[in-house]
Each structure stands twice: as C-alpha cells, then as structure tokens.
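# Observations on the three-dimensional arrangement
These are the residues of each chain, in order.
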Amino acid sequence: KKGIVHHYLKPDNLFVVPDPHEPERERIKVLDFGIAKLQQSANDSVKTRTGTLMGTPIYMSPEQCRGTKTVDHRSDIYSLGIIFFEMLCGQPPFVSEGFGELVNMHLNVAPAAPSSQNPSVSPAIDAIVLKALAKNPDERFADMGELQAALKSSGGSMFVLRGTQPSSPDYKSKSGV
C-alpha cells in the first residue's frame, strides 16, 4: 500500500519479533530492503545490492530472472509463495546447484502442488501457494491484501493471521543493532 517493493524477499529478511499489540504473540517483520553490499557466501549465491538485478536466486521471481524493469509488488508475492512452499514442504519448489538451471526453473517449470510433498496441505492452501507462484504476474494475487484475505478464508490452520495493520516496533537484534 505504501508503494514499496522489497525485490529480494527471502527467509533471511524475515524476523520474528514480539507483537506490541498482543504481547503473548509474535509477528513477522520484514527487513533489509535491498541495501546490503554485494557479498559472496557459501549459503547465498549472491547477496543484494541497490540498483542491481541480483538477489538470492531461489526466491527470485520470473520477471527478476528476465531482468525486466517492470518488477512490481507482485514479484514480492511470488517470493512469498516460494517461502510458503518451503515452510510447508521443507524445501523450495525449485532447487538446483546451477544459477542458470534455477533461473530456467523460475521461468519455465511449473511448481508442484505443496500437497504432493506434504499430504497434510489442504487443496485451498495448495491453490493459494500455486497462485502466488504463477509465472505471469497478472495471474498472481493483485496485492498482499488479497493474498491475506485468501489465507484467512482458506479455513486452514497452517497460517495464522491476526490483524491487518503492521506496526513499527523498535527492533533490536541480538547484537543490539
């Protein structure tokens, strides 16, 4: 709603923090909006840097893989679909040791339904994850609000959603940063 596109949504950028409105609960806070320096590590093929088309390839949308300049908020919906799939199945839908093969999978390979790897996933959750993972951005959820509404109406308990307004509590990591 604020016109911010993360571009590099991945589990490393999602932090569990106390919910200031419901102290007995926690919520997810999204951090690192693509401002990190370019770094190589064994766990990430490429870290993000502002103004580049690089990201963590496992979570890149097809439009990011193509390097198009029209990457919008629906790219984050795709990345969140990858994260949901990984939460449900223990691994992302596309796994490869090679960057080119992984990019090809994002562009051309249809993801399996999560229930094919985790039979406890309901058809409603399958449909939500697969819609988030649509290759064409126009076939994904229009925005995060629509995705949230679909999750709430799915009747499942795999994702628990409360409230609709994010808060901005001060976040302190273990290192105090």
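Everything discussed here concerns the structure shown above.
About the cut-offs
- Residues numbered from 1 in each chain as written.
- Predicted model: local features only at pLDDT ≥ 70, side-chain atom pairs only at ≥ 80, totals over all residues.
- Heavy atoms only, no water.
- Helix = DSSP H or I, 4+ residues; strand = E, 2+ residues; numbered from the N terminus.
- Buried < 20%, exposed > 50% of the residue type's maximum accessible area, 1.4 Å probe, protein only.
- Contact = heavy atoms within 4.5 Å.
- Areas by Shrake-Rupley, 256 points an atom, 1.4 Å probe, with all protein chains shown as cover.
- Phe/Tyr/Trp six-rings, centres within 6.5 Å; stacked < 30°, edge-to-face > 60°.
- Lys NZ or Arg CZ within 6 Å of the ring centre and 35° of its normal.
- Core = buried A, V, L, I, M, F, W, Y, C linked by side-chain atoms within 4.5 Å.
- Arc of directions from axis to C-beta.
- Polar contact = N/O pair within 3.5 Å; in protein donor to acceptor, adjacent residues only side chain to side chain.
- Patch = residues over 30% accessible without salt bridge, like charges linked within 9 Å, V, L, I, M, F, W, Y side chains within 5 Å.
- Salt bridge = Lys/Arg side-chain N within 4 Å of Asp/Glu carboxyl O.
- Axes fitted to C-alpha atoms, helices over the stretch in contact; angles between N-to-C directions.
- Parallel < 35°, antiparallel > 145°, perpendicular 65-115°, else oblique.
- Left-handed = near helix turned anticlockwise from the far one by under 90°.

## As for the overall build of the protein chain
From N to C terminus, the protein chain includes five helices and two strands. The buried share of the protein chain, reckoned over its 177 residues, is 37%. A sequence separation of at least 24 residues applies to 54% of the contacts in the protein chain between residues at least 6 apart. On the protein chain, roughly 10500 Å² of surface is accessible, and the fraction owed to carbon and sulfur atoms is 55%.

## Digging into the packing of aromatic side chains
The geometry of an aromatic ring pair is captured by the separation of the ring centres together with the interplanar angle, meaning the angle of the planes. Tallying each qualifying case throughout the model produces zero aromatic pairs. Directly above the aromatic system of F141 lies the positively charged group of K131, at a separation of 4.8 Å from the ring centroid.

## Things to note about the nonpolar core
Among the nonpolar cores identified, the biggest contains 24 residues, and I125, I128, V129, F141 and L147 are the most heavily contacted of them. Of all elements in the fold, only helix 2 (73-89), helix 3 (99-108), helix 4 (123-132) and helix 5 (144-153) reach the threshold of two or more residues within this core. Leaving out residues up to four positions away in the same chain, F141 has contacts with R74, I77, I128, K131, A132, E146, L147 and A150.

## Looking at helix 3
The set of residues buried in helix 3 consists of L102, V103, M105 and H106. Here the buried residues of helix 3 occupy an arc of 155 degrees about the axis, which is enough to place them on one side. Exposed residues lying more than 90 degrees from the buried face of helix 3 are G100 and N108. Where helix 3 is buried, its residues meet helix 1 (62-66) and helix 2.

## Let's talk about the side chain of E63
For E63, the location among the structural elements is in helix 1. The buried category is assigned to E63, whose relative accessible area is 3%. What E63 contacts, discounting residues up to four positions off in sequence, is T68, V71, R74, S75, K135, P137 and R140.

## With respect to the environment of H106
Mapped onto the secondary structure, H106 falls in helix 3. A residue is classified by how much of its surface remains accessible, and H106, at 0% relative accessible area, is buried. Counting along the chain gives 28 residues from H106 to A134, while the straight-line C-alpha distance between them is 9.7 Å. Side chain to side chain, H106 and Y78 meet in a polar contact 2.8 Å long.

## A look at a nonpolar patch on the surface
Side chains of V16, I28 and V30 sit close together on the surface and give an oily, nonpolar patch of about 250 Å² of accessible area. You can see I28 is positioned in strand 2 (residues 26-30).

## So, the packing of helix 2 against helix 5
When two helices pack together, their arrangement is captured by the angle between the axes and the distance separating the axes. Between helix 2 and helix 5, the shortest axis-to-axis distance is 10 Å and the interhelical angle comes to 30 degrees. By the angle class used here, helix 2 and helix 5 are roughly parallel. Two packed elements cross with a definite hand, and for helix 2 against helix 5 that hand is right-handed. Touching D76, I77, L80 and F84 of helix 2 are M144, L147 and L151, all from helix 5.

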